[in-house]
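Geometric and topological summary
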Amino acid sequence: FLETAAYFCMKPKMGEKEVSPHSFFSIWHEFSSDFKDFWKKENKLILQERVKEAEEVCRQKKGKSLYNIRPKHDSGIVSKNCSNT
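The structure presented is a predicted model; accordingly, all values stated were derived computationally and were not measured.

Moving on, we get to the overall build of the protein. Helix and strand counts for the protein stand at three helices and zero strands. In the protein, the succession of helices and strands from N to C terminus is α-α-α. Counting every position in the protein, which comprises 85 residues, the buried fraction comes to 5%. If you sum the accessible surface of the protein, you get close to 8800 Å²; carbon and sulfur atoms cover 59% of it.

For the rest of this paragraph, the subject is unusual backbone geometry. Despite not being glycine, cysteine 9 shows a phi value in the positive range, around 60°. Tracing the backbone shows cysteine 9 in the loop between helix H1 (2-7) and helix H2 (21-63).

Here we come to the pattern of salt bridges. Enumeration over the complete set of coordinates arrives at two salt bridges. A salt bridge links arginine 59 to glutamate 55; the shortest N-O distance between them is 3.9 Å. Taken together, the residues span about one helical turn, with arginine 59 and glutamate 55 both in helix H2 at a distance of four residues. Residue arginine 59 is classed as exposed on the basis of its relative accessible area of 51%.

Let us now look at a nonpolar patch on the surface. Taken together, the side chains of Phe1, Leu2, Tyr7, Phe8, Phe25, Trp28, Phe31, Phe35 and Trp39 make up a nonpolar region of the molecular surface, amounting to roughly 1000 Å² of accessible area. When contributions to the nonpolar patch are tallied by element, the ones reaching two or more residues are H1 and H2. Examining the composition of the nonpolar patch, we find that five residues originate from one element, H2, more than from any other. Mapped onto the secondary structure, phenylalanine 8 falls in the loop between H1 and H2. The class of phenylalanine 8 is partly exposed, set by a relative accessible area of 42%.

Right, let's get into the packing of aromatic side chains. Applying the stated rule across the entire model yields ten aromatic pairs. Considering the side-chain rings of tyrosine 7 and phenylalanine 8, the 5.2 Å spacing of their centres and the 85° angle between planes classify their relative orientation as edge-to-face. For tyrosine 7, a relative accessible area of 64% corresponds to the exposed category.

Reading the values: rules and limits
Numbering of residues begins from 1 in every chain and follows the order in which that chain's sequence is written. Only residues with pLDDT of 70 or above have their local features reported here, since the model is predicted, and side-chain atom pairs are shown and tallied only from 80 upward, although totals for entire chains, interfaces and linings are computed over all residues. To get the side-chain values, all heavy atoms of the structure are used, and hydrogens and water are removed first. Put simply, DSSP H or I for four residues or longer makes a helix, DSSP E for two residues or longer makes a strand, and each gets a number counted from the N terminus. The buried label goes to any residue with under 20% of its type's maximum accessible area, the exposed label to any with over 50%, and the partly exposed label to all in between, with areas taken from a 1.4 Å probe on protein chains only. Where accessible areas are quoted, they stem from the Shrake-Rupley method and a 1.4 Å probe; at the residue level, only the protein chains shown are allowed to cover. One speaks of a salt bridge when a side-chain nitrogen belonging to Lys or Arg is within 4 Å of a carboxyl oxygen belonging to Asp or Glu. Like-charged residues within 9 Å of one another, or nonpolar side chains (Val, Leu, Ile, Met, Phe, Trp, Tyr) within 5 Å, are grouped into patches, provided each residue has over 30% relative accessible area and no salt bridge. When two rings of Phe, Tyr or Trp (its six-membered ring) have centres within 6.5 Å they constitute a pair, described as stacked for plane angles under 30 degrees, edge-to-face for angles over 60, and tilted for the intermediate range.

What follows is the structure in structure tokens.
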């Protein structure tokens, strides 16, 4: 524990000889809570952006026709027979 506290440059409070676990973990708890909140907000924003991008792709694909409709040509046996009569 003391090595971890030293790694994060924690110094004991006035009147204490060592960093107490209570003081270390109270700071750590605040940090982790804030980090979790920001993480959730950031993930929510990323999800909203991805949904917007997917909706835009969907709109573009719906705008384009997946198949082409060609006009019917008057050729073939039936059209030749009808024009001769």
